[in-house]
Amino acid sequence: MSVFSNGVVYSSRMKNCNSCGKCCEKWGNDGLSASTEEINWWETYRPDIARYVQDEKIWIDPASGEYFARCPWLQKSTDGKKFTCDIYDVRPEDCRHYPVDIAEMVRDDCEMLEQRDLVDLRRARRKLDEIMIDSRPPAGRYP
Ligand code: SF4
Ligand code: SF4
């Protein structure tokens, strides 16, 4: 934590993902998409994943032909506090690129955000790109 000259206490900086699961829990129904290349790769190497793809839509329940209401790969820890992805290493690009920007994090109440990030968006965008360097290219300029 840091105390600024105005007496307001801010946390020091954007945190790493804490696996709260909020972003994944919102991906039920038709919130996610996958590229043709991803789908082809799953069909070849991960038929267990491809079975939940229909007409290039993810994730579809093969029994009903309807979207799952909740992502079928999301797992809750036994204490109910953390979430993990069963296909983390081969998850779709939509998931690998999240969070893309600060507005998306605010909308989803992402727990990586600290109050200080909201008073210096340029810095926050740069920090987010640093944290996400292994998952996606930088989102762009820092005006
Ligand atoms: S595929 Fe994995 S990362 Fe994507 S929404 Fe589901 S659990 Fe989350
Ligand atoms: S909402 Fe943010 S902190 Fe929570 S799992 Fe998603 S990226 Fe991580």
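In this text the structure is predicted, and so the values were computed from the model without any measurement. (Residues numbered from 1 in each chain as written. Chains lettered and ligands numbered in written order. Predicted model: local features only at pLDDT ≥ 70, side-chain atom pairs only at ≥ 80, totals over all residues.)

1. A short note on the nonpolar core
Step number 1: Counting residues in hydrophobic clusters, the biggest one holds 7 residues: Cys24, Trp27, Leu32, Ala34, Ile58, Trp59 and Cys71.
Step number 2: For isoleucine 58, the contacting residues outside a window of four places in its chain are Leu32, Ser33, Ala34, Tyr52, Val53 and Pro92.
Step number 3: In this structure, Met105, Cys110, Ala124 and Leu128 belong to the second largest nonpolar core, which totals 6 residues. (Core = buried A, V, L, I, M, F, W, Y, C linked by C-beta atoms within 7 Å. Buried ≥ 20, exposed ≤ 12 C-beta atoms within 10 Å, placed from the backbone. Contact = placed C-beta atoms within 7 Å.)

2. Thoughts on the environment of aspartate 30
Step number 1: Relative to the helices and strands, aspartate 30 resides in the loop between α1 (22–25) and α2 (36–45).
Step number 2: On the basis of neighbour counts, which here come to 11 C-beta atoms within 10 Å, the residue aspartate 30 falls in the exposed class.
Step number 3: A C-alpha to C-alpha distance of 9.0 Å links aspartate 30 and isoleucine 60, two positions 30 residues apart in sequence.
Step number 4: In this view, aspartate 30 contacts Lys57 and Tyr67; residues no more than four positions away in its chain are not counted. (Helix = DSSP H or I, 4+ residues; strand = E, 2+ residues; numbered from the N terminus.)

3. Observations regarding unusual backbone geometry
Step number 1: Residue tryptophan 59 is bonded to the preceding isoleucine 58 through a cis peptide linkage, with omega at -15°.
Step number 2: Cis geometry marks the peptide bond from tyrosine 98 to proline 99, where omega comes out at -5°.
Step number 3: With respect to the helices and strands, proline 99 occurs in the loop between α4 (93–96) and α5 (102–108).
Step number 4: Here the phi dihedral of serine 19 falls at roughly 60°; this positive angle occurs in a residue that is not glycine.
Step number 5: Note on placement: serine 19 falls in the loop between β2 (9–10) and α1.

4. A short note on the environment of isoleucine 133
Step number 1: With respect to the helices and strands, isoleucine 133 occurs in the segment after α6 (121–131).
Step number 2: Counting along the chain gives 36 residues from isoleucine 133 to histidine 97, while the straight-line C-alpha distance between them is 9.8 Å.

Spatial relationships are all this shows, so hold off on functional conclusions.
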